[in-house]
Amino acid sequence: MPKRALITGVTGQDGSYLAELLLEEGYEVFGMVRRLSMENHDRIEHILDRITLVDGDLLDEYSIMDALGCVEPDEVYNLAAQSFVPTSFTQPMLTAEYNALGPLRWLEAIRRLSPETRFYQASTSEMFGLVREVPQTELTPFHPRSPYGVAKVYGYFITVNYRESYGLHASNGILFNHESPRRGLKFVTRKITDGVARIKLGLADELRLGNLEAKRDWGFAGDSARAMWLMMQQDEPDDYVIAMGHEHSVREFCELAFGHAGLDYRDHVVEDPAFWRPAEVNRLLGDSSKAREKLGWEPRVTFEEMVRMMVDADLERLSPECG
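Residues numbered from 1 in each chain as written. Predicted model: local features only at pLDDT ≥ 70, side-chain atom pairs only at ≥ 80, totals over all residues. Heavy atoms only, no water.

Novice: With reference to specific residues and values, describe the side chain of His 248.
Specialist: With respect to the helices and strands, His 248 occurs in strand 12 (residues 248-249). The class of His 248 is buried, set by a relative accessible area of 13%. A polar contact is formed between the side chain of His 248 and the side chain of Glu 252, at a distance of 3.5 Å. Those residues in contact with His 248 that lie beyond four places of it in its chain are Ala 214, Lys 215, Arg 216, Trp 218, Phe 303 and Glu 304. (Helix = DSSP H or I, 4+ residues; strand = E, 2+ residues; numbered from the N terminus. Buried < 20%, exposed > 50% of the residue type's maximum accessible area, 1.4 Å probe, protein only. Polar contact = N/O pair within 3.5 Å; in protein donor to acceptor, adjacent residues only side chain to side chain. Contact = heavy atoms within 4.5 Å.)

This is how it looks when you write it as structure tokens:
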């Protein structure tokens, strides 16, 4: 009998890659989705006939319990969140409800109704914030610099607490930045590659960005999804940093992305203070030695390959012949 997995946030970047992977591994895949006035299934359109969608919302504990009882999953992957850091400054309470109390509602439902179900919580490098050491490991103290990061710290520690208090198989993936052509257009990496395509095709002249010197450890979302699955296959639950181990600035990302399209970013990029965060996170660099040793995880797509993949996808999407 195939394993059953339930993914919250299945319509997002990470959820779509994870759903593909689980299908390849022979799972029955279920995705929990919020009822919206307009469906947003673009990222999973190609696999909709192979997965089952169930209604639910992280704000509604009864819908979580209903989904758990209906699906009876072996594994739950909690990827749903208010995931855009700038929005967390303008909507901090909503961010806390989704990113902090959402995981708690899932853990409490699993504890009460299905304690054998394995739980994955999507944690984030944004928890490190004002970093205490470089690179960051599973033992690096957290110092979040946004309501998003603060809420994710709660989600992280409530997952640890339920693991230690109730013996649940509950693990955190502390994922550093991971991107793809499926990344939302609001995020800086996709904003850059979309801007490159628009400028290359004559649809725009400039691209306005925030802090060009901010450094991140960028990897490919498909590689991150594989790490999530590997965590759920371990006999013992644990927490893992998932990162490439290489840092690049936003300026370097621009240079590579524009260069791939035969452009010079200095001719088009404008650094605009309006896009700076109230409390900036200047540098994130992860050490994923634990995941590589215990999970056997290795990234398969390089930073450079990922950037080129994203630029090519946006050029194809926006080119007149594809319209």
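Novice: Any chance you could break down the packing of aromatic side chains for me, citing the residues and the numbers?
Specialist: One pass over the structure, following the stated rule, counts twelve aromatic pairs. Taken together, a centroid distance of 5.2 Å and an interplanar angle of 65° make the contact between Trp 218 and Phe 253 edge-to-face. Here Trp 218, found in the loop between strand 9 (215-216) and strand 10 (219-220), pairs with Phe 253, found in helix 8 (residues 250-260); they are 35 residues apart in sequence, far enough to count as distant. When sorted by exposure, Trp 218 lands in the same class as Phe 253, which is buried. Pairing Trp 218 with Phe 303 gives two aromatic rings, centres 6.1 Å apart and planes at 20°, and the pair type is stacked. On the criterion of sequence distance, the pair formed by Trp 218 in the loop between strand 9 and strand 10 and Phe 303 in helix 10 (residues 303-318) is long-range, its members being 85 residues apart. Given the relative accessible area of 6%, Phe 303 is considered buried. Joined through ring pairs, the aromatic side chains of Phe 128, Phe 142, Tyr 156, Phe 157 and Phe 176 make up one cluster. (Phe/Tyr/Trp six-rings, centres within 6.5 Å; stacked < 30°, edge-to-face > 60°.)

Novice: Which residues make up the packing of helix 2 (residues 61-71) against helix 4 (residues 92-113), and what values do they have?
Specialist: Two quantities define a packed helix pair, namely the angle between the axes and the distance from one axis to the other. Relative to each other, helix 2 and helix 4 sit at 45°, their axes nearing to 10 Å. Considering the angle they form, helix 2 stands oblique to helix 4. Relative to helix 4, helix 2 is oriented so that their crossing is right-handed. Here helix 2 contributes Glu 61, Ile 64, Met 65 and Leu 68 to the contact with helix 4, which in turn contributes Arg 105, Trp 106, Ala 109, Ile 110 and Leu 113. (Axes fitted to C-alpha atoms, helices over the stretch in contact; angles between N-to-C directions. Parallel < 35°, antiparallel > 145°, perpendicular 65-115°, else oblique. Left-handed = near helix turned anticlockwise from the far one by under 90°.)

Novice: Mind laying out helix 1 (residues 13-24), listing which residues take part and the relevant values?
Specialist: With twelve residues, helix 1 ought to run about 16 Å at 1.5 Å a step, and its terminal C-alpha atoms sit 17 Å apart, in line with that. Judged by how many residues are buried, helix 1 sits mostly within the fold: eleven of twelve residues are covered. Remark: Gly 26 follows helix 1 within two positions and exhibits a positive phi of approximately 90°. (Expected span 1.5 Å × (residues − 1).)

Novice: I'd like a description of the sheet that holds strand 4 (residues 75-78), backed by residues and values.
Specialist: Through backbone hydrogen bonds, the strands of a sheet pair up, either in parallel or in antiparallel fashion. Across the sheet, seven strands lie side by side as 3-2-1-4-5-6-11; this open sheet has parallel pairing. Looking at the sheet topology across the chains shown, the edges are occupied by strand 3 (52-55) and strand 11 (239-242). Pairwise comparison of adjacent strand axes, ignoring direction, gives a mean angle of 20° for this sheet. Pairing geometry for strand 2 (residues 28-33) and strand 3, over four bridges, is parallel. When the bridges of strand 3 are listed, Val 33 appears paired with Asp 55. Along the sheet face, helix 1 touches strand 1 (4-8), strand 2, strand 4 and strand 6 (170-175) and points at about 170° away from the line of strand 1. (Pairing = 2+ DSSP bridges.)

Novice: How would you summarise the environment of Lys 152 if you had to cite specific residues and measurements?
Specialist: Mapped onto the secondary structure, Lys 152 falls in helix 5 (residues 147-166). Lys 152 gets classed as buried once you look at its relative accessible area, which sits at 4%. As a C-alpha pair, Lys 152 and Ala 96 span 56 residues in sequence and 8.2 Å in three-dimensional space. In this view, Lys 152 contacts Ala 81, Asn 99, Gln 121, Ala 122, Thr 124 and Met 127; residues no more than four positions away in its chain are not counted.

Novice: Quick one: what's the story with the nonpolar core, residue by residue and with numbers?
Specialist: As a rule of thumb, nonpolar side chains are buried together in soluble globular proteins. Grouped together as the largest cluster of nonpolar side chains are 59 residues, with contacts concentrated most on Tyr 77 and Ile 192. At eight residues, the largest contribution of residues to this core is made by helix 7 (residues 221-232). Not counting residues within four places of it along the chain, the set of residues in contact with Tyr 77 comprises Ala 5, Leu 6, Ile 7, Thr 8, Leu 18, Leu 22, Tyr 120, Met 228, Trp 229, Met 232 and Gln 233. Residues Met 32, Ile 158, Leu 168 and Ala 170 belong to the second largest nonpolar core, which totals 21 residues. (Core = buried A, V, L, I, M, F, W, Y, C linked by side-chain atoms within 4.5 Å.)

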